[in-house]
Amino acid sequence: MLETSARLLRLLSLLQTRREWTGAELAGRLDVTTRTLRRDIDRLRELGYPVNARIGVGGGYQLGAGAEMPPLLLDDEEALAVAFGLQSTAAGPVSGIAEPSLRALTKLRQVMPSRLRNRLDALEVDVVHRPQAASAVGAQALATVASVCHARERLRFDYSTRDGTYSRREVEPYRVVQADARWYLVAWDLGRGDWRSFRVDRMTPKIPTGPRFVPRDPPRGGAAAFVSRGFERAFTQARARVRLHAPIDRMAGRVPENWGALEAEDADTCVVSLRGESLRDIAQWLAVFEVPFTVIDPPGLIDACREFARHHAELASRYDDA
């Protein structure tokens with residue numbers, strides 16, 4: 001049924017692009033028999049689209065006067081959600097998709113009722129265009145990865161780790177996950193014998209893809225939960241407790257929940273429990289607080305703070321010599 005509906009929409013689109021088509025031309029474009037084409041033409045007529053036919057030499061099909069694009073089968077909120085989604089995609093973290101998104105938005109606007117077009121125009125926003133982020137994913141690469149997940153085909157790819165090391169991987173892909181401005185593939189790594197997540201922007205897929213496979217039981221909680229647990233592990237490799245020499249009311253708005261937690265100690269101090277990828281990262285975060293502090297634990301954070309201070313002192317000394 002879905003295939004037939006999609007074919008009818010394509011047939012209607014073809015009829016709108018030219019004044020007249022022969023039956024053979026339309027059947028060839030749709031990859032169907034002329035008999036199936038005649039049934040599709042009859043179905044369009046049943047739906048209220050005037051399709052005229054001329055029989056004989058030089059005959060063909062023509063969309064009659066008054067024909068319009070198909071009605072928009074979305075309610076107001078759904079239509080606006082799709083439109084805003086297309087606007088966001090045009091400026092999002094997928095490269096090569098901005099122009100198609102804007103074309104689709106233009107087509108959607110054409111079939112919107114006037115009341116929705118007015119609402120969309122009133123809510124139009126300008127976008128600050130910046131250089132594409134390093135983590136941006138090519139639309140074709142993302143489509144390839146998503147398609148092998150759906151088709152359950154093995155995927156081979158070259159993968160670059162954070163330190164620039166390359167390796168060849170072969171996986172049974174399970175699901176694509178978007179987290180903030182990045183895309184991840186959750187897959188069973190055949191070489192490691194375990195579930196892994198891979199940043200799609202660091203992948204170079206190899207074509208053709210591998211053979212089909214029987215899917216395994218997914219990781220606990222599904223793909224999104226698996227990626228989320230990976231984030232949690234990354235941001236909890238280092239932990240620290242630090243006494244901040246400032247009242248808790250002053251510091252409460254400066255410690256996001258994903259950084260750590262605050263607890264009052266007395267009227268003039270509070271203790272923050274921090275987590276991060278490394279003690280070096282935590283030392284950098286402490287500078288953001290802009291208050292005196294005392295490291296409670298671990299002792300290694302003291303060395304990280306000294307190294308951070310030494311680095312900035314060296315930078316400052318360059319201006320002293322100027």
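All figures in this text were calculated on a predicted structure; none of them were measured in a lab.

Of all 7 residues in strand β12 (residues 270-276), 5 are buried, a share of seventy percent or more. Bridge analysis of strand β11 (residues 260-264) against β12 gives 5 bridges, and the strand direction is antiparallel. What sits directly across from glutamate 263, in β12, is valine 271. Hairpin connection of β11 to β12: 5 residues between the antiparallel strands.

So, on to the packing of aromatic side chains. With the rule as written, the count across this model stands at 5 aromatic pairs. One aromatic cluster is present, built from ring pairs that chain together Phe157, Tyr159 and Phe198. The ring of tyrosine 174 carries the charged tip of arginine 175 above its face, separated from the ring centre by 4.7 Å.

As a further point, take the sheet that holds β11. Pairing is antiparallel across the open sheet formed by 4 strands, whose spatial order is β11-β12-β10-β13. Since the sheet does not close on itself, it has two edges, and those belong to β11 and β13 (293-297), each with one partner. Each neighbouring strand pair of the sheet contributes to a mean axis angle of 25 degrees, computed without reference to strand direction. On the sheet, helix α10 (residues 279-289) packs against β10 (238-244), β12 and β13 and is oriented at approximately 140 degrees with respect to β12.

The next point concerns the pattern of salt bridges. Two side chains carrying opposite charge are able to pair once their charged atoms lie near each other. This structure, assessed with the given rule, holds 14 salt bridges. A salt bridge links glutamate 170 to arginine 154, with the shortest nitrogen-to-oxygen separation between them at 3.8 Å. You can see glutamate 170 sitting in strand β6 (residues 166-179) and its partner arginine 154 sitting in the loop between α7 (139-151) and β5 (155-160), a full 16 residues away along the chain. With its nearest N and O atoms 2.9 Å apart, the salt bridge here joins arginine 169 to aspartate 189. Within this pair, whereas arginine 169 is found in strand β6, its partner aspartate 189 is found in strand β7 (residues 182-189), the two being separated by 20 residues in sequence. Of the residues examined, aspartate 189 reaches a relative accessible area of 1% and is grouped as buried.

Analysis parameters
Residues numbered from 1 in each chain as written. Predicted model: local features only at pLDDT ≥ 70, side-chain atom pairs only at ≥ 80, totals over all residues. Heavy atoms only, no water. Buried < 20%, exposed > 50% of the residue type's maximum accessible area, 1.4 Å probe, protein only. Helix = DSSP H or I, 4+ residues; strand = E, 2+ residues; numbered from the N terminus. Pairing = 2+ DSSP bridges. Phe/Tyr/Trp six-rings, centres within 6.5 Å; stacked < 30°, edge-to-face > 60°. Lys NZ or Arg CZ within 6 Å of the ring centre and 35° of its normal. Axes fitted to C-alpha atoms, helices over the stretch in contact; angles between N-to-C directions. Contact = heavy atoms within 4.5 Å. Salt bridge = Lys/Arg side-chain N within 4 Å of Asp/Glu carboxyl O.

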